[in-house]
Amino acid sequence: MRTMTDDEVWAFLASGPTTGILATTTKLGRPHAVPIWFVVDGREIVFTTWHEAAKTHHIRRDSRVAFCVDDQTPPFSFVSIEGDCTLSDDLDELRRWATAIGGRAMGADQAEAFGVRNAVTGELLGRIHPTKVISRAEMAA
């Protein structure tokens, strides 16, 4: 087992599993974790969320989040991120990133349809700005 380099972390996130787990905190202080599709933009995680989703309400109240992605095939790896999340309702940016997310998760042939479907009023673009990154590679090696 070893710690990934910074470049390895972002390469793993960009090309590894398409789903990660986003954790937020409820108003009562309880953890709330949900799977999300995502893409990488530089050194940030980008995802979409509906304005009425629980995670959206949590982020608006407390922008601190945790995000984790793991590869469940041997030799097993994971990246865990703590950071602050911002939300945007810019429809042009939303369409650009929703298209990228759809292409990554559903395939290039579905990308445009996913972008159009999700770049609507009420959908938001989330960006996780990491403050701490923990990674492990080759855990079973």
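To be clear, the structure that these remarks concern was listed above.
Rules of the game
- Residues numbered from 1 in each chain as written.
- Predicted model: local features only at pLDDT ≥ 70, side-chain atom pairs only at ≥ 80, totals over all residues.
- Heavy atoms only, no water.
- Pairing = 2+ DSSP bridges.
- Helix = DSSP H or I, 4+ residues; strand = E, 2+ residues; numbered from the N terminus.
- Axes fitted to C-alpha atoms, helices over the stretch in contact; angles between N-to-C directions.
- Buried < 20%, exposed > 50% of the residue type's maximum accessible area, 1.4 Å probe, protein only.
- Contact = heavy atoms within 4.5 Å.
- Phe/Tyr/Trp six-rings, centres within 6.5 Å; stacked < 30°, edge-to-face > 60°.

(A) Layout of the sheet that holds strand S4 (residues 44-50). Reading across from one edge, S2-S1-S5-S6-S7-S4-S3 is the order of the 7 strands in this open sheet, with antiparallel pairing throughout. Unpaired on one side and paired on the other, strand S2 (31-37) and strand S3 (39-41) mark the two borders of the sheet. Sheet twist, expressed as the average angle between the axes of neighbouring strands with direction ignored, equals 35°. Relative to S4, S3 runs antiparallel, the two sharing 3 bridges. Note on S4: the bridge partner recorded for Val-40 is Ile-45.

(B) Region of the structure containing the environment of Arg-61. If you trace the backbone, Arg-61 turns up in helix H2 (residues 54-61). For Arg-61, a relative accessible area of 42% gives the class partly exposed. Excluding residues within four positions of it along the chain, Arg-61 makes contact with Thr-25, Thr-26 and Lys-27.

(C) Spotlight on the pairing of strand S7 (residues 123-136). As paired strands, S4 and S7 are joined by 6 bridges and run antiparallel to one another. The residue of S7 that forms the bridge with Thr-48 is Leu-125. Sheet topology places strand S6 (residues 77-88) next to S7; 11 bridges connect them, and they run antiparallel. Bridge pairing links Ser-80 to Ile-134 in S7.

(D) Looking closely at the packing of aromatic side chains. Taken as a whole and judged by the stated rule, the model has 2 aromatic pairs. Consider the rings of Trp-37 and Phe-114, whose centres lie 5.4 Å apart with planes at 45°: the pair is tilted. Of this pair, Trp-37 sits in strand S2 while Phe-114 sits in helix H4 (residues 108-118); the two residues are 77 residues apart in sequence, bridging distant segments of the chain. Residue class for Phe-114 comes out buried when judged on its relative accessible area of 10%. Seen from their ring centres, Phe-38 and Phe-67 are 5.1 Å apart, and the 80° between their planes marks the pair as edge-to-face. Taken together, the positions of Phe-38 in the loop between S2 and S3 and Phe-67 in strand S5 (residues 64-71) put the pair 29 residues apart, joining distant regions of the chain.

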